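Breakdown of the fold
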Amino acid sequence: MTKPIVLIAEELSPATVEALGPDFDVRTVDGTDRAALLAAIEPAAAILVRSATRVDEEAIAAAPNLRVIARAGVGLDNVDIKAATTAGVMVVNAPTSNIISAAELTVGHILSLARHIPAAHAALAKGEWKRSSFNGTELYEKTVGIIGLGRIGALITARLQAFGTRIVAFDPYVTSARAQQLGVELLSLDELLAESDFITIHMPKTAETTGMIGKQQLAKMKKTAFVVNVARGGLIDEDDLYEALTTGVIAGAGLDVFVSEPPTGSKLLDLPNVVVTPHLGASTDEAQEKAGISVAKSVRLALDGDLVPDAVNVAGGIIDPAVRPGIPLMEKLGQVFAALAQSSPVTRVEVEVRGEIAEHDVKVLQLAALKGLFTNAVSETVSYVNAPLMAEQRGIEVRLIVESDSPDFRNLLSIRGALSDGSQVQVSGTLVGTKQVEKIVDINGYAVEVPIDEHLIIMQYIDRPGIVAVYGKEFGDAKINIAGMQVAREKLGGKALSVLTVDSPVPAALLDKVRAAIDADVMLEIDITE
């Protein structure tokens, strides 16, 4: 029997090959040699890469037998996930492989800034003995602010508490119970900025978080404060940071990531109060070995037809064909739920599945709901295996409800949740017709039927004549095309809910303008991530 071919396109640890085992024909190629790659990938069932090999649409098209693309690391910038999904190729990575390395690098940056270690080394290496020039500060009894209290944030917390620091955090998805368990004080972002001596950011890079630390936020920090970013380039506005560092608004910065990498010509590289490293968050022997072993195990599972925990584009494993269409729908409902719940931390989530598919194993739909919930809320890559862990870490109780009775729809998928402020959030969806069109059919008790699109706007306001004309004109004047719309209401003259699908993102300033014009209680734009 011919063994499946597994192609290793970059240097990986010997433990990676060992973890693959004897059941595969393991071959190697230099993934940076394009011609060699395209020739070698043609018979491959799986390919393992790091960051240098581009597995794009061309490479995927050249590999008709390809079933798995495995990235031995966290980032997937070099993999065309959309093309892989279209071709039915699973993409996996190693989302937990570098969390300890990233946490330790963060602590290293904080210590380097506090004690001027890189500058002192450079001076002494040039023969300059400048002890008085490098007077530093102790971490003891200082306040460290962590923006994004996920797994990396929790690891940093544990390490810095040993220095006798006070740890504060901003994370709208972490409950007070979880923060108390970690020994962390939850603050608003403005409070954290004002009180912290060191700030480190660990958020995902989304439209909402890009530039989240800019001129206004930097101005709220202490003049003696330092900011560190080893998460994603662009979370801190680099131009605003440069101005703050050169005008004394803050004391210094530690950067491992940049908007453009390598950051050739960046003015930040020339500043004496900046410590920089070339994206070393995952660059340890241990992290690379963990990554290689992790993806090797995922490749084995995928080629054996089992559920792959770290699949980022599809749910692998033995899942009934009747259940599979509900997976992407439930992920999108999770994203909508997260946006609706952003006013307060979630304490409980109920995932409900009703209808004909209830006779099948639908546990994967609970995983899909949690994956959607955290997709745009955490800095780590979210997968079917780590989404439940993220819920557990945040003190969120999760329950799956399965009922065959579904009076209104053939199948109905719902996510309900309780927030820490006592409020409730609900969103429900279904699949309609032979094309299985994904639709939202309920938001917080308002009956709607709106196809899920890339850009959604949800508005709640007092029902009165002329409201649709008001926001229709505002969006029209701004050249925002409304592709679909539905309005639901409690009663005549009561609260109404409008759900719009639009063809392009809506600027925050326009949302604020529309909110004011119609006196909306709720005004949300939700950008759905595929």
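Worth saying up front: this structure is predicted, and the values here are computed from it rather than measured.

Moving on: helix H13 (residues 326-340). Each turn of an α-helix holds 3.6 residues, which means side chains three or four residues apart point in the same direction. Under the 1.5 Å per step criterion, the end-to-end length of H13 is 21 Å for 15 residues, consistent within 8% with the ideal 21 Å. With 14 of 15 residues buried, H13 is to be regarded as a mostly interior element.

Turning to the nonpolar core, a few remarks are in order. Met-330, Leu-333, Val-336, Phe-337, Leu-365, Val-427 and Ile-440 are the most contacted members of the largest nonpolar core, which totals 52 residues. The residues that make up this core include at least three from each of domain 3 (314-451) and domain 4 (452-529). Excluding residues within four positions of it along the chain, Ile-440 makes contact with Leu-333, Val-336, Val-427, Ser-428, Gly-429, Val-448, Glu-449, Val-450, Ile-452 and Leu-456. Within the second largest apolar cluster, 28 residues are counted, among which are Ala-231, Leu-235, Leu-255 and Phe-258.

Before going further, it helps to spend a moment on the environment of Val-68. Relative to the helices and strands, Val-68 resides in strand S4 (residues 68-71). Placed 62 residues apart in sequence, Val-68 and Val-6 show a C-alpha to C-alpha distance of 9.3 Å.

It is worth spelling out the domain arrangement of the chain at this point. Domain parsing of the chain yields domain 1 (3-94 + 284-302), domain 2 (97-274), domain 3 (314-451) and domain 4 (452-529). Here domain 1 and domain 4 have C-alpha centroids that lie 44 Å from each other.

Next up on the list: the sheet that holds strand S1 (residues 5-8). Strands sit in the order S2-S1-S3-S4-S5 across an open sheet of five strands; the sheet is parallel. Since the sheet does not close on itself, it has two edges, and those belong to strand S2 (25-28) and strand S5 (90-92), each with one partner. On average, each strand axis in the sheet is inclined to that of its neighbour by 20 degrees, with strand direction left out of account. Sheet topology places S1 next to strand S3 (residues 46-49); three bridges connect them, and they run parallel.

At the junction of Glu-261 and Pro-262, the peptide bond is cis and its omega measures out at 0 degrees in the coordinates. You can see Pro-262 is positioned in the loop between strand S11 (252-255) and strand S12 (274-276). Of note in this structure, Gln-436 is not a glycine but carries a positive phi near 50 degrees.

What follows covers the packing of aromatic side chains. On inspection of all chains with the given rule, the structure shows three aromatic pairs. Aromatic ring contacts, followed pair by pair, group Tyr-461, Tyr-471 and Phe-475 into a single cluster. Between the NZ or CZ atom of Lys-267 and the centre of the ring of Tyr-242, over which it lies, the distance is 4.4 Å.

Let us now look at the sheet that holds strand S10 (residues 226-229). In spatial order, the strands read S8-S7-S6-S9-S10-S11-S12; together these seven strands make up an open sheet with parallel pairing. A single partner strand is all that each edge strand has here, and the edge strands are strand S8 (185-186) and S12. Helix H7 (residues 151-161) rests against strand S6 (143-147) and strand S7 (166-170) of the sheet, and its axis sits at about 170 degrees to S6.

Looking at the element boundaries, Lys-3 is found in the segment before S1. Classification of Lys-3 by relative accessible area gives partly exposed; the value is 43%. Linking Lys-3 and Asn-65, residues 62 residues apart in sequence, is a C-alpha distance of 13 Å. Dropping the residues within four chain positions of it, Lys-3 is found in contact with Pro-22, Asp-23, Phe-24 and Asp-25. Polar contacts involving the side chain of Lys-3 include one to the main-chain carbonyl oxygen of Pro-22, which spans 2.8 Å.

What counts, and at which threshold
- Within every chain, residues take consecutive numbers counted from 1 along the sequence as written.
- Reporting in this predicted model follows two pLDDT cut-offs: at least 70 for local features of residues, and 80 or more for side-chain atom pairs to be given and counted; totals over whole chains, interfaces and linings ignore these cut-offs and use all residues.
- Water and hydrogen atoms play no part in the side-chain values, which are based on all heavy atoms of the structure.
- The helix and strand labels rest on DSSP assignments: H or I over at least four residues marks a helix, E over at least two residues marks a strand, and numbering proceeds from the N terminus.
- To estimate how far a helix should extend, the number of its residues minus one is multiplied by 1.5 Å.
- Only protein chains enter the accessibility calculation, which uses a 1.4 Å probe. A residue is then buried if its area is under 20% of the maximum for its type, exposed if over 50%, and partly exposed in between.
- Definition of nonpolar core: a set of buried residues of the types Ala, Val, Leu, Ile, Met, Phe, Trp, Tyr and Cys, connected through side-chain atoms within 4.5 Å.
- Note that the domain bounds reflect an automated or database-derived domain assignment.
- Here a residue-residue contact requires only that any non-hydrogen atoms of the pair lie within 4.5 Å.
- One bridge is not enough; two strands pair if DSSP finds at least two bridges between them.
- Angles shown run from 0 to 180 degrees and are taken between the N-to-C directions of axes, each axis being a line fitted to C-alpha atoms and, for helices, limited to the stretch in contact.
- Aromatic contacts are taken between Phe, Tyr and Trp rings whose centres are within 6.5 Å, Trp giving its six-membered ring; a plane angle under 30 degrees counts as stacked, one over 60 as edge-to-face, and the others as tilted.
- Consider the ring centre and the ring normal. A charge sits over the ring if Lys NZ or Arg CZ is within 6 Å of that centre and within 35 degrees of that normal.
- A 3.5 Å cut-off defines polar contacts: any pair of N or O atoms within that distance qualifies, except that in protein one atom must be a possible hydrogen donor and the other a possible acceptor, and neighbouring residues in sequence count only when both atoms are side-chain atoms.

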